[in-house]
Amino acid sequence: MLLAIDTSAGTSVAVVDREAGILAEHSSDDTRRHAEVIGELIAACLADSGIEIADLSGVVSGMGPGPFTGLRVGIAAARAFAFGAGKLVVPIASHDAIAFGEPGLFVVATDARRSELYWSAYGPPDAAGLPTRTAGPSLVKAVDLESAVPAGHRVIRASTVSAASLGLLAEALYANGRPFAADEPLYLRSPDVTLSAGPKRVTS
Amino acid sequence: MSEPLALPADGPLVLGIETSCDETGIGIVRGTTLLANVIASSMEEHARYGGVVPEVAARAHLEALVPALTEALVEAGVTLEELDAIAVTSGPGLSGALMVGVGAAKALALSLGKPLYAVNHLVGHVGADLMDHEPLDYPTIALLVSGGHTSLLHVRDLVSDVELLGETIDDAAGEAFDKVARLLGLPYPGGPEIDRAAVGGDPRAIRFPRGLSQQKDMEKHRYDFSFSGLKTAVARWVERERDEGREVAIADVAASFREAVVDVLLTKAVAACVDLGVPRLLLGGGVVANARVRELAAERCAAAGILLRIPPLSLCTDNGAMIAALGSQLIMAGHAPSGLDFGADSTLPVTAIQQF
Ligand SMILES: [Zn+2]
């Protein structure tokens, strides 16, 4: 049984179980209020699923890609919850949750703001039904997406990420002995900083 | 999560989380006894940019959080289960940085089934003085000076009645130190560098302006501060020296600049004490590490018959222990925990001691 948290788009929280499926899922599509809603969504999932925290085997964290500020709220929450509960953090790429269950060749694209998109390319699911990422995640200008999409791939434009899908994918990866993602946020952009060229003159 | 806590005799055991600027602070207190004060600073990562870069700070908080929590529990010799409550800074500060702490604190509190207190960073600086110290007498004036804030508070009661008398209308004092250090070719952070450069310098060599100290400004901005004019005056002076082919007397410039900052800080703080008839002044914030601030504060307070309190330096800079200490005071005063839906408020006013 897993608690799953993703804030790479809106905020989504779920409790899932490999056998019983989705026990609870609560989401907010608001892309600006992650810090406000995260607590109530976790509390609602714990209450609705009726589970004991001790019964969880881990906390799934959607690692993005996603706009920094929001993405970090979910990862911080997942890490802190896991720390408090004495459970493992299970990092999963958020695009893989969108891809989970999709047939054929396709590209997943999500909003990166500033007229850019995050995108990942996938081949057909493997024998276990798990997504096979063939490229990405990476950044592309929104206007350039079409030319970047490999031949024969359809495009899935997603504006939400389901924590339940994220959690079920984690269960499936574990059941099939597959690795999880690296435990680091997929920011895909450097921090916005410009190195100053030194002080400017104030007198002419 | 709304029932009042049953209070342990020696005060509640509270863990505080502070991520409002560039230090990830985790502190643990029992009542007013400090048990752990772990600070992971991302200052070195900001050095090459000459100031705190919010996104760099926020990324560093996310990575530092769990290691700092682990270290604090070991340092305090307590377990998570023993905690009575979690406290977290919900503002003011850098919003992306604050959100890391807020998200983590909510999840931690839920995972443990413990009450959560969202508290004000500036009031936390005042709470820092309560630890391992005789109780604070009220009212008191508090002067909080750092790279992020320069505020003068009238604290009538730490948990229920704090008023902002004044604050900087442009740069924070710590920022002014950073900017002037850069003008003089000194590295970041500027405070300790200016201190070092000022050794042997004459603080009266150059009369730099004291911001918002003239009669016309005093009417509207009696307790407010301004450091951007001072910074420009230093830049002008340095440029003129160089233009006229003279070598810049770094020690004199550093000493005179520092004197201008410290003079205006203490003049206004002492004036507040005198005007309001409050013979107590408390200092807080990273700039208190500056030796001249402490020296002049001691001098001016002694002359005016004001009792001066300065927490240990490790509690003056941003830290989680002060947040835990304030949380502990709120609990002991019977305040209910915060709800789960508060957000990070980068401009949280000091009157909002706790966010609900
Ligand atoms: Zn501070």
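Figured I'd write up the structure that's included with this text. (Residues numbered from 1 in each chain as written. Chains lettered and ligands numbered in written order. Predicted model: local features only at pLDDT ≥ 70, side-chain atom pairs only at ≥ 80, totals over all residues. Heavy atoms only, no water.)

Overview of the overall build of chain B
Of the regular secondary structure elements, chain B holds 12 helices and 11 strands. Here the C-alpha atoms of chain B give a radius of gyration of 20 Å, agreeing with the 21 Å that 2.2 N^0.38 yields for 356 residues. The burial tally for chain B puts 62% of its 356 residues in the buried class. For chain B, the accessible area works out to roughly 12900 Å², and carbon and sulfur atoms hold 52% of it. Placing the 27 positive and 46 negative side-chain charges of chain B at their respective mean positions leaves the two points 8 Å apart. (Helix = DSSP H or I, 4+ residues; strand = E, 2+ residues; numbered from the N terminus. Rg over C-alpha atoms; globule rule 2.2 N^0.38 Å. Buried < 20%, exposed > 50% of the residue type's maximum accessible area, 1.4 Å probe, protein only. Areas by Shrake-Rupley, 256 points an atom, 1.4 Å probe, with all protein chains shown as cover. Lys, Arg positive; Asp, Glu negative; His and termini not counted. Charge placed at Lys NZ, Arg CZ, Asp CG, Glu CD.)

Regarding the packing of helix α6 (residues 190–197) of chain B against helix α9 (residues 250–276) of chain B
All names here are of chain B. Following both chains from N to C, one finds α6 and α9 inclined at 125 degrees, their axes separated by 8 Å at the closest point. Classified by the angle their axes make, α6 and α9 are oblique. In this structure, α6 meets α9 at a crossing whose hand is left-handed. Every residue of α9 that contacts α6 at Ile194, Asp195 and Ala197 is listed here: Ile250, Ala251, Ala254, Phe257 and Arg258. Across the contact of α6 with α9, the residue classes tally to 6 nonpolar, no polar and 2 charged. (Axes fitted to C-alpha atoms, helices over the stretch in contact; angles between N-to-C directions. Parallel < 35°, antiparallel > 145°, perpendicular 65-115°, else oblique. Left-handed = near helix turned anticlockwise from the far one by under 90°. Contact = heavy atoms within 4.5 Å. Nonpolar A, V, L, I, M, F, W, Y, C, P; charged D, E, K, R; others polar.)

Side note on the nonpolar core
In globular proteins that are soluble, nonpolar side chains generally tend to be buried together. Judged by nonpolar contacts, the single largest core of 64 residues is most densely connected at Ile42 and Phe81 of chain A together with Leu15 and Ile86 of chain B. Here this core takes 12 residues from helix α2 (residues 68–85) of chain A, the largest share from any one element. When residues no more than four places from it in sequence are discounted, the contact partners of isoleucine 86 of chain B are Val14, Leu15, Ile17, Ala105, Leu108, Ala109, Leu112, Lys114, Pro115, Leu116 and Tyr117 of chain B. (Core = buried A, V, L, I, M, F, W, Y, C linked by side-chain atoms within 4.5 Å.)

A few points about the coordination of the zinc ion
Residue and element names in this part refer to chain B. Protein coordination of the zinc ion is provided by His121 (NE2), His125 (NE2), His149 (NE2) and Asp318 (OD), with donor distances spanning 2.1 to 2.3 Å. Here the zinc ion binds 4 donor atoms, and the angle range of 89 to 156 degrees at the metal identifies the geometry as irregular. Positions of the donor residues of the zinc ion along the chain correspond to the pattern H-x3-H-x23-H-x168-D. One end of the pair, histidine 121, is in helix α4 (residues 121–127); the other, aspartate 318, is in the loop between α11 (313–316) and α12 (320–332), and 197 residues separate them in sequence. Neither residue differs from the other here; histidine 121 and aspartate 318 are each classed as buried. (Donors = N, O, S within 2.8 Å, 3.2 Å for Na, K, Ca; no water. Tetrahedral: all angles 85-135°; square planar, octahedral: opposite > 155°, others 65-115°.)

Thoughts on the packing of helix α2 (residues 54–76) of chain B against helix α3 (residues 95–112) of chain B
Residue and element names in this part refer to chain B. Close contact between α2 and α3 brings their axes to 8 Å; oriented N to C, the two are set at 35 degrees. With respect to the hand of their crossing, α2 and α3 are arranged in right-handed fashion. Judged by residue contacts, Ala58, His61, Leu62, Leu65 and Leu69 of α2 engage Gly96, Ala97, Val100, Ala104 and Leu108 from α3. Here the contact of α2 with α3 is built from residues that sort into 8 nonpolar, 2 polar and no charged.

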